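Listed below, chain by chain, are the residues.
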Amino acid sequence: MTGQTGLAGQTVGVIGLGLMGRPMARNLAKAGAALVISSRSPGPVEELAGEGMSPAANPAEVAVRADAIVLMLSDTVAVEAVAASLMDALRPGHLVIDMGTTAVGATRKLAEAARAKGAEWVDAPVSGGTVAAEAGTLTIMAGGTEEAFARALPLFQAMGQRITHVGDSGAGQVAKMANQVIVALSIGAVAEALALAKAAGVEPGKVRDAIRGGFAESRILELHGQRMVSGDFTPGGRVVTQIKDLKQAEELAEQSGIQLPALGLSLELFELLAEQGDGGLDHSALYRLFVK
């Protein structure tokens, strides 16, 4: 493998090799790290082993062989299950970085458990989808101690471009909840606007072109608007994942004592989309609720 060498001499574990985990692992390897990998599905492990990465039999073996461990898992239940396997193998100096979207309360408990072992747990969820994961330009929002963030920063720089230490444990996940609320509501706004154009007899692609560059401009209009116009809903971020994230955001809002009515409506719309059989599509497929 060729590329940067900023992580040369470091052994990094990656657990979870789905749509996001695979390109993130590749970028860590390009930066010079030796990769130890583990995933629930054997296919991605075999694929990356063919590129020179070293498979591990289970998460505990990853912890034995690597000093820093990146988790890119589907949900809180998966993170807690992997953490249960990791905890007995954690040793002082270990760094665990959870880069998925995990419930705030669970994140803080896992951070406490890791510190009791002399290790550090950083929550560092990402935004940007598979396009940014492949390009190494993810937006990364991190929670944890200053020392842990400093240790994690070279790894983040191999995978992302905009990297922010938001605050203590759980703060990164709070930022991701805020991000997901904005993303979901923006997808809904673009979907309804382009559906309105089509229903009124005007080509949605032309309307999208006309409004780009004005106050309506956004990454959602740029990328997801194009997906809506072309009808290509190959998943980058799946509908089912969006639903999971919005449920976590709704729970956080309830725990924080505030009501977010637009969030509730957005969640209902994505759930309707899943009920009609579109849960595995990209979340931009919300457009399909309004245009048949």
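Residues numbered from 1 in each chain as written. Predicted model: local features only at pLDDT ≥ 70, side-chain atom pairs only at ≥ 80, totals over all residues. Heavy atoms only, no water.

Undergrad: In this structure, what is going on with the overall build of the protein chain? I would like to understand it.
TA: Within the protein chain, the regular secondary structure consists of 12 helices and nine strands. Taken against the 2.2 N^0.38 rule, which gives 19 Å for 292 residues, the C-alpha radius of gyration of the protein chain at 20 Å falls within 12% of a compact globule. In terms of overall dimensions, the protein chain has a C-alpha envelope of 65 × 45 × 35 Å along the principal axes. When each of the 292 residues of the protein chain is scored for burial, the buried share is 49%. Counted over contacts in the protein chain with a minimum sequence separation of 6, partners at least 24 positions apart contribute 67%. By element, 54% of the accessible surface of the protein chain is carried by carbon and sulfur atoms, the whole surface being about 13,200 Å². Counting 24 positive and 31 negative side-chain charges, the protein chain places the averaged centre of each group 4 Å from the other. (Helix = DSSP H or I, 4+ residues; strand = E, 2+ residues; numbered from the N terminus. Rg over C-alpha atoms; globule rule 2.2 N^0.38 Å. Buried < 20%, exposed > 50% of the residue type's maximum accessible area, 1.4 Å probe, protein only. Contact = heavy atoms within 4.5 Å. Areas by Shrake-Rupley, 256 points an atom, 1.4 Å probe, with all protein chains shown as cover. Lys, Arg positive; Asp, Glu negative; His and termini not counted. Charge placed at Lys NZ, Arg CZ, Asp CG, Glu CD.)

Undergrad: Can you help me understand the packing of helix H8 (residues 171-199) against helix H11 (residues 239-255) in this one?
TA: For any two helices packed against each other, one specifies the inter-axial angle together with the distance between the axes. Where H8 meets H11, the axes come as close as 9 Å, and the angle between the chain directions of the two elements is 120 degrees. What the angle tells us is that H8 and H11 run oblique. Crossing angle aside, the handedness with which H8 passes H11 is left-handed. Seen from H8, the contacting residues are Val174, Met177, Gln180, Val181, Val183, Ala184 and Ile187; seen from H11, they are Gln242, Asp245, Leu246, Gln248, Ala249 and Leu252. For the contact of H8 with H11, the class distribution of residues is nine nonpolar, three polar and one charged. (Axes fitted to C-alpha atoms, helices over the stretch in contact; angles between N-to-C directions. Parallel < 35°, antiparallel > 145°, perpendicular 65-115°, else oblique. Left-handed = near helix turned anticlockwise from the far one by under 90°. Nonpolar A, V, L, I, M, F, W, Y, C, P; charged D, E, K, R; others polar.)

Undergrad: Just checking my understanding: could you explain the side chain of Arg208 for this structure?
TA: Following the sequence through the fold, Arg208 ends up in helix H9 (residues 204-211). Residue Arg208 is classed as buried on the basis of its relative accessible area, which comes to 8%. In contact with Arg208, other than residues within four places in its own chain, are Leu194, Leu221, Glu222, Gly225, Gln226 and Val229.

Undergrad: Would you mind going over the pattern of salt bridges with me for this structure?
TA: For side chains bearing opposite charge, pairing can occur when the charged atoms are close. Tallied over the full model, the rule gives 12 salt bridges. As a salt-bridge pair, Arg26 and Glu47 come within 2.5 Å of each other at their nearest N and O atoms. Residue Arg26 is located in helix H1 (residues 21-30), and its partner Glu47 is located in helix H2 (residues 42-49); the two are separated by 21 residues in the primary sequence. Assessed through its relative accessible area of 35%, Glu47 is described here as partly exposed. We note a salt bridge from Arg65 to Glu61, for which the minimum N-O separation is 2.9 Å. (Salt bridge = Lys/Arg side-chain N within 4 Å of Asp/Glu carboxyl O.)

Undergrad: I would appreciate a short explanation of a negative patch on the surface in the present structure.
TA: There is a patch of like negative charges on the surface, built from Glu250, Glu251, Glu254 and Glu268. If you tally residues by element for the negative patch, the top one is H11, at three residues. Tracing the sequence through the fold places Glu251 in helix H11. (Patch = residues over 30% accessible without salt bridge, like charges linked within 9 Å, V, L, I, M, F, W, Y side chains within 5 Å.)

Undergrad: Is there a simple way to think about the environment of Val62 in this case?
TA: Looking at the element boundaries, Val62 is found in helix H3 (residues 59-65). C-alpha separation for the pair Val62 and Thr139, spaced 77 residues apart in sequence, amounts to 26 Å.

Undergrad: Looking at this model, I keep getting lost on the UniProt feature "domain: 6-phosphogluconate dehydrogenase NADP-binding" (unreviewed entry) in the protein chain. Mind explaining?
TA: According to UniProt, the positions carrying the feature "domain: 6-phosphogluconate dehydrogenase NADP-binding" (unreviewed entry) are residues 11-167. Counting secondary structure, residues 11-167 comes out at 45% helix and 25% strand; the distance between its end C-alpha atoms is 27 Å. (UniProt positions renumbered as here; feature names shortened; annotations may be inferred.)

Undergrad: Can you walk me through the side chain of His94 in this structure?
TA: Within the secondary structure layout, His94 lies in the loop between helix H4 (76-87) and strand S5 (95-98). With a relative accessible area of 1%, His94 lands in the buried category. Separated by 2.9 Å, the side chain of His94 and the backbone oxygen of Ala63 make a polar contact. Among the polar contacts listed, one links the side chain of His94 to the backbone oxygen of Ala66, at a separation of 2.7 Å. In contact with His94, other than residues within four places in its own chain, are Ala63, Ala66, Asp67, Ile69, Ala89, Ala119, Glu120 and Arg151. (Polar contact = N/O pair within 3.5 Å; in protein donor to acceptor, adjacent residues only side chain to side chain.)

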